Amino acid sequence: MTPPSEWPHLFAAGAAGTPVLLLLHGTGGTEHDLLPLVERLAPGAGHLAPRGPVQEHGLNRWFRRFGEGVFDVDDVVRRAGELAAFVGWAREHYGIGDRPLVAVGFSNGANIALATALLHPDAVKDAVAFSGMFPLEGRAIDADLSGSSVALFNGESDAMAPIDSVVRVGSILESRGAEVDRHVREGGHGIHPTEVDGAAAWIASHTRKVLDD
């Protein structure tokens, strides 16, 4: 396990009174990939953007898989724990304190965001998942997620994140007490401009409530 302090990442504090976005790239991406979304999702927000620690044929990923859509669930669990530890380290190291932190993930990044939200809600309570799916097949989820909120954005014809798996992860989150917003559009894998607008509205509404509390 790479110590959190040695994990390649980018950080910017952003303006006071804004959230910090935990940016989680897709397969083959880097910590730079989702930076262009920050100002569109939450103007002035801070960001924390780590690099996926797993290599697959030279491509960065967040966890191992056996094939397309067939995840190494033991590794998903392990890597979610590592990401949770990294977030805890970053909160202290960068003085993030109690500022709202929202995980924003795409594809493989969305899946690790969902896994961490399901297993470690103390680290990731709130998440925006673009083209994500249920990443913990065969594992019981027993965490109390009553303080968590998740927004799911998916394409109805996405072969890489089938809708039945999307429905399942939403249902499991709700069964453990999380608030879930579901958004399904026409099309397949990717991040559509309308989804960015929807995520921005969700983040603004959610973090406003957190900051007001």
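It should be emphasised that the depicted structure is a prediction, and the values quoted were computed from it without experimental measurement. (Residues numbered from 1 in each chain as written. Predicted model: local features only at pLDDT ≥ 70, side-chain atom pairs only at ≥ 80, totals over all residues. Heavy atoms only, no water.)

1. Regarding the overall build of the protein chain
Let me state the cut-off plainly: Helical segments are the DSSP runs of H or I of at least four residues, strand segments are the runs of E of at least two, and each set is numbered from the N terminus. When we talk radius of gyration, it's over C-alpha atoms, and the globule rule is simply 2.2 Å times the number of residues to the 0.38. Using a 1.4 Å probe on the protein chains alone, a residue whose accessible area is under 20% of its type maximum counts as buried, one over 50% counts as exposed, and one in between counts as partly exposed. Residue contacts are counted whenever heavy atoms from the two residues lie within 4.5 Å of one another.
For the protein chain, the count of helices and strands is five helices and eleven strands. A compact globule built from 213 residues should have a C-alpha radius of gyration of about 17 Å, and the protein chain, at 16 Å, falls within 12% of that. Counting across all 213 residues of the protein chain, residues that qualify as buried make up 51%. Look at the contacts in the protein chain between residues 6 or more apart in sequence, and 71% of them connect residues 24 or more apart.

2. Some remarks on the nonpolar core
As a reminder, the rule being used: Here, the term nonpolar core denotes a set of buried Ala, Val, Leu, Ile, Met, Phe, Trp, Tyr and Cys residues that are joined through side-chain atoms within 4.5 Å.
Core analysis: the biggest nonpolar cluster contains 45 residues, and Leu 22, Leu 24, Leu 118, Leu 136, Leu 152 and Leu 173 have the highest contact counts within it. If you tally residues by element for this core, the top one is helix α2 (residues 73-93), at eight residues. If we ignore the near neighbours within four places in the chain, the residues touching Leu 136 are Val 73, Val 76, Val 77, Ala 115, Leu 118, Leu 119 and Ile 141. Core analysis: the next-biggest nonpolar cluster, separate from the first, contains 19 residues, Ala 42, Ala 49, Ala 151 and Ala 199 among them.

3. Considerations on the packing of α2 against helix α3 (residues 108-119)
As a reminder, the rule being used: Under this scheme, a helix contributes an axis fitted over its contacting stretch, all axes are lines through C-alpha atoms, and angles between N-to-C directions fall in the 0 to 180 degree range. An angle counts as roughly parallel when it lies under 35 degrees, as roughly antiparallel when it exceeds 145, as roughly perpendicular when it falls between 65 and 115, and as oblique in every other case. Asp, Glu, Lys and Arg are counted as charged, while Ala, Val, Leu, Ile, Met, Phe, Trp, Tyr, Cys and Pro are counted as nonpolar; the rest, among them Gly, fall into the polar class.
Axis separation between α2 and α3 bottoms out at 9 Å; the angle between their running directions is 80°. Overall, the two elements α2 and α3 adopt an arrangement that is roughly perpendicular. From α2, Val 76, Val 77, Arg 79, Ala 80, Leu 83 and Ala 84 reach across to α3, where they touch Ile 112, Ala 115, Thr 116 and Leu 119. When grouped by side-chain class, the residues that make up the contact of α2 with α3 number eight nonpolar, one polar and one charged.

4. Side note on α2
Cut-off, in case you're wondering: Expected helix span is computed as 1.5 Å times (number of residues minus one).
An ideal rise of 1.5 Å per residue puts 30 Å on 21 residues; α2 measures up with 30 Å between its terminal C-alpha atoms. All of the buried residues in α2 are Val 73, Asp 75, Val 76, Arg 79, Ala 80, Glu 82, Leu 83, Ala 84, Phe 86, Val 87 and Ala 90. Two residues or fewer after α2 comes Gly 95, characterised by a positive phi angle close to 65°.

5. Some words on the packing of aromatic side chains
Two measures describe an aromatic ring pair: the distance that separates the ring centres and the angle between the ring planes. The cut-off we apply is this: Note on ring pairs: Phe, Tyr and Trp rings are taken, using the six-membered ring of Trp, and paired if centres are within 6.5 Å. Classes follow the plane angle, with under 30 degrees stacked, over 60 edge-to-face and the rest tilted.
Taken as a whole, this structure holds seven aromatic pairs when the rule is applied. Ring geometry for Phe 11 against Tyr 94: centres 4.0 Å apart, planes inclined by 15°, an arrangement best described as stacked. Of this pair, Phe 11 sits in strand β1 (residues 9-12) while Tyr 94 is found in the loop between α2 and β8 (101-106), placing the two residues 83 residues apart along the sequence. For Phe 11, a relative accessible area of 24% puts it in the partly exposed group. Residue classification places Tyr 94 among the partly exposed residues on the basis of a relative accessible area of 28%.

6. Regarding the side chain of Asp 72
With respect to the helices and strands, Asp 72 occurs in the loop between β7 (70-71) and α2. Once residues within four sequence positions are removed from consideration, Asp 72 is found in contact with Arg 64, Arg 65 and Phe 66.

7. Quick notes on the sheet that holds strand β11 (residues 179-185)
Put simply, the rule is: At least two DSSP bridges between two strands are needed for those strands to be called paired.
Strand order in this open sheet of seven strands is β1-β3-β2-β8-β9-β10-β11, and the pairing throughout is mixed. Of all the strands in the sheet, the pair left with one neighbour each is β1 and β11. Neighbour to neighbour, the strand axes of the sheet diverge by 15° on average, direction disregarded. Where strand β9 (residues 126-130) and strand β10 (residues 149-155) come together, five bridges link them in parallel fashion. For Ala 129, the partnering residue across the bridge sits in β10 and is Leu 152. α2 rests against β1, β2 (20-24), β3 (46-50) and β8 of the sheet, and its axis sits at about 140° to β3. The strands touched by α3 are β2, β8, β9 and β10; relative to β8, the strand with the most contacts, the crossing angle is about 140°.

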